[in-house]
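Each chain, written out:
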Amino acid sequence: MIYIAAQIGVCYGRLGNPRPSPSDVVALYKHRNIQRMRIYDPDHDTLNALRNSNIELILDVPKADLERIASSQAEADTWIRNNVKNYEGVRFRYITVGNEVEPSEPAARALFQAMKNIDNAVSRAGLGIKVSTAIDMGATMDTYPPSHGRFRDDYINFLQPVIGFLVSKQSPLLLNSYPYFSYKDDMKDIPLEYALFKPTPPVIDGQYSYHNLFDAQLDAVYAALEKSGGGSLEVVVSESGWPTQGGAGTSVENAMTYVNNLIQHVKSGTPRKPGKAIEAYIFAMFDENQKGPLELEKFWGMFLPNQQPKYNVNFN
């Protein structure tokens, strides 16, 4: 099998004020050679700015829309027509139905049907776009060592049909993976160097050796998928990053180290998938001062609202 080089995308992040115009943001992506973007709702100004830009896009169906879309194929058809079909010249890569849907939410009961309806709508519109959903590491348990990883019982109840759907469509599962949070929550046992891709004694897991927490998290999800009939699936890392302030271990230097090391690291795969480049999206392009309640949620951006970089990143 021939593996293409990994390409890094960046999640836009639009919950900041002030923020640059979508056309300026698209120009910045192109100037910095960022070839993929993720947005969390079908913002029409952003979609218009992306026309003929050649930037590939992950577009989210917001969680709040899932029950309505699951209730009616016509609703799904309308959503795809209004937000995808009407935007000729935009390179849609994936449509993500729901982001980090949790078992206690009404959206969990609607997720599988909403994905099926959106996929049907994509087909009916004559579009060849993969449909998926994005989970976070909270859906898993027993992730240390990674080979023990499995989905939590309350998640697998609604994810099992989703996994079957993804297998049947050969669509990837999207994962929001944040070594920062695992480090912050267990600083006693997780060295900062291990979270930042710095040299550190490996974690041995049978035949596999782990030199960083990112690989360990990703392979724990691969192990969980194997236990749930999803062993053939690819995992796309749809969010990963490091905050510059607002909590333990946050700094501009640590964020710069994490992001630049991530960009280089994803070219080479994980111990379970060696040599297979990882598609990954950095969170986020800009700080978002309208987020909360945690202070650190405001400080994930690589760029300031005036489009000046907070730190140096090499996207090549």
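Residues numbered from 1 in each chain as written. Predicted model: local features only at pLDDT ≥ 70, side-chain atom pairs only at ≥ 80, totals over all residues. Heavy atoms only, no water.

Caption draft 1: Looking closely at the overall build of the protein. Across its full length, the protein holds ten helices and twelve strands. Computed over C-alpha atoms, the radius of gyration of the protein comes to 19 Å, within 12% of the 20 Å expected from 2.2 N^0.38 for 316 residues, which places it in the range of a compact globule. With the C-alpha coordinates of the protein rotated into their principal frame, the extents come out at 55 × 45 × 45 Å. Counting across all 316 residues of the protein, residues that qualify as buried make up 55%. In the protein, 69% of the contacts between residues at least 6 apart in sequence involve partners at least 24 apart. (Helix = DSSP H or I, 4+ residues; strand = E, 2+ residues; numbered from the N terminus. Rg over C-alpha atoms; globule rule 2.2 N^0.38 Å. Buried < 20%, exposed > 50% of the residue type's maximum accessible area, 1.4 Å probe, protein only. Contact = heavy atoms within 4.5 Å.)

Caption draft 2: Layout of the packing of aromatic side chains. Throughout the structure, instances matching the rule amount to 16 aromatic pairs. With a centroid separation of 5.1 Å and an interplanar angle of 70°, the aromatic rings of Tyr-178 and Trp-300 are classed as edge-to-face. Taken together, the positions of Tyr-178 in the loop between β8 (173-176) and α7 (179-185) and Trp-300 in the segment after β12 (280-283) put the pair 122 residues apart, joining distant regions of the chain. The residues Tyr-178 and Trp-300 share a single accessibility class, namely buried. Three or more aromatic residues link up through ring pairs in this structure, and these residues are Tyr-40, Tyr-178, Tyr-180, Phe-181, Tyr-183, Phe-197, Phe-214, Trp-242, Tyr-258, Phe-283 and Trp-300. Here Lys-273 stacks its cationic end above the ring of Tyr-222, 4.7 Å away from the centre of that ring. (Phe/Tyr/Trp six-rings, centres within 6.5 Å; stacked < 30°, edge-to-face > 60°. Lys NZ or Arg CZ within 6 Å of the ring centre and 35° of its normal.)

Don't take any of this as a statement about function, it's just geometry.
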